[in-house]
Amino acid sequence: MTSTDFDRRRFLSTAALGGATIVGATALGGVDPDAAFAAQHQPLDPAVPSSSFVEGRVTAIEDGSLLKVAGSYGERNSVRITNATSVWKLYTVDIDAVEPGDGLYARGVAMPDGTIAADAVWVNIVNLEVVIRGIGKNRLAMGHHAGELVGRIHDDHTSASYAGGALTKDLSRIRMGQYARVLGAWRPSDGAIDLARVSVGH
Amino acid sequence: MACSNTYLWAGETTWFCCGAAWGPCASAGGGACGNCRSGSYHGAWPNASAACYSITRPDLCSGEGGIPRRGCGSVMKVVQQCSRAAVCITITDCGPRTHSFCGEATCCSGQCRTNRILDLTPAAFSAIASLNSGKTGVQIYE
């Protein structure tokens, strides 16, 4: 185990026990996920992954901080949200925004009690290959595999990138038939995608 | 090839879902190799086969024409260009569509990586970068 692994485990363990108060991003995880990962300077040992990864759907939320997760291959996990955990659901949110039925990916450290103390949780996040089929004022119709998806545009949170260009709030250059990658948050209630970023190709 | 330190390529990586999954990812399937799983350290390579190459067409982007063939089961070490966080992956799918994003660059600390030449599963991508960033610059070794 590297010193970074040890520090991270100790930090999250402390946070899981409620002993840490975090203001802003830290080198070991923080409120903003981008800042937290940008601050990571030590490589993970590829031979012995020090992080635990959880994928699945939330079945219950216990004590306001423990997510019970059913994995897509039948596995069961308990993900502990600490005051050092970043939670993303279209944007950075509190655990109050997480609901049973949500899908998630989480990264963290395994605790002795079998839970995973998370440093980052991404709720309902998707990053999909689509073809633009229709364009409305507040939505995109998108072909995905053999089906169709609705992408919901949010003025405050949706941006676009055209042919590798910088992100912009201007979505007017999206065209029918274009290939795109869309990053957003799936809505379990209706299957639509709340769009964070639409990357349109050539 | 083992997960080692021989330089192979550099560029952008994005992420994708595969295998059994929730939401729209449920339709993704096991990928070109049949065994891709979002929760495993897997990846998609644009020259996993001749058929794959004909879809991804990295040769249409300047500098990517020589990207080597690495088929199902190939192992690579992926290193984030700035943090140097690393993860070992196994190729289990074909992708990304490199030609659709020719010239796209991801930069950090004044270093830029150009063109999408790798797709990682959420497990692999989150080991080196935040999923909500969508893409990041990497160097690839084998």
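Residues numbered from 1 in each chain as written. Chains lettered and ligands numbered in written order. Predicted model: local features only at pLDDT ≥ 70, side-chain atom pairs only at ≥ 80, totals over all residues. Heavy atoms only, no water.

As recorded in an unreviewed UniProt entry, chain B goes by RlpA-like protein double-psi beta-barrel domain-containing protein and comes from Streptomyces smaragdinus.

Going by what an unreviewed UniProt entry lists, chain A is known as Cell wall protein and is assigned to Streptomyces smaragdinus.

Trainee: Please clarify how the pairing of strand β13 (residues 193-200) of chain A should be interpreted in this entry.
Mentor: Side-chain direction in a regular strand flips from residue to residue, so the side chains alternate between the two faces of the sheet. Residues and elements named next belong to chain A. Most of β13 is tucked away: eight of the eight residues are buried. Note: strand β10 (residues 147-152) against β13, two bridges, orientation parallel. Counted as the bridge partner of R152 is D194 from β13. Alignment of strand β11 (residues 159-162) against β13, held across four bridges, turns out to be parallel. When the bridges of β13 are listed, Y162 appears paired with V200. Two elements, strand β12 (residues 179-186) and β13, share seven bridges in a ladder whose sense is antiparallel. Residue pairing across strands places L183 opposite R197, the latter belonging to β13. Hairpin connection from β12 to β13: six residues lie between these consecutive antiparallel strands, with G191 at a positive phi of about 80°. (Buried < 20%, exposed > 50% of the residue type's maximum accessible area, 1.4 Å probe, protein only. Helix = DSSP H or I, 4+ residues; strand = E, 2+ residues; numbered from the N terminus. Pairing = 2+ DSSP bridges.)

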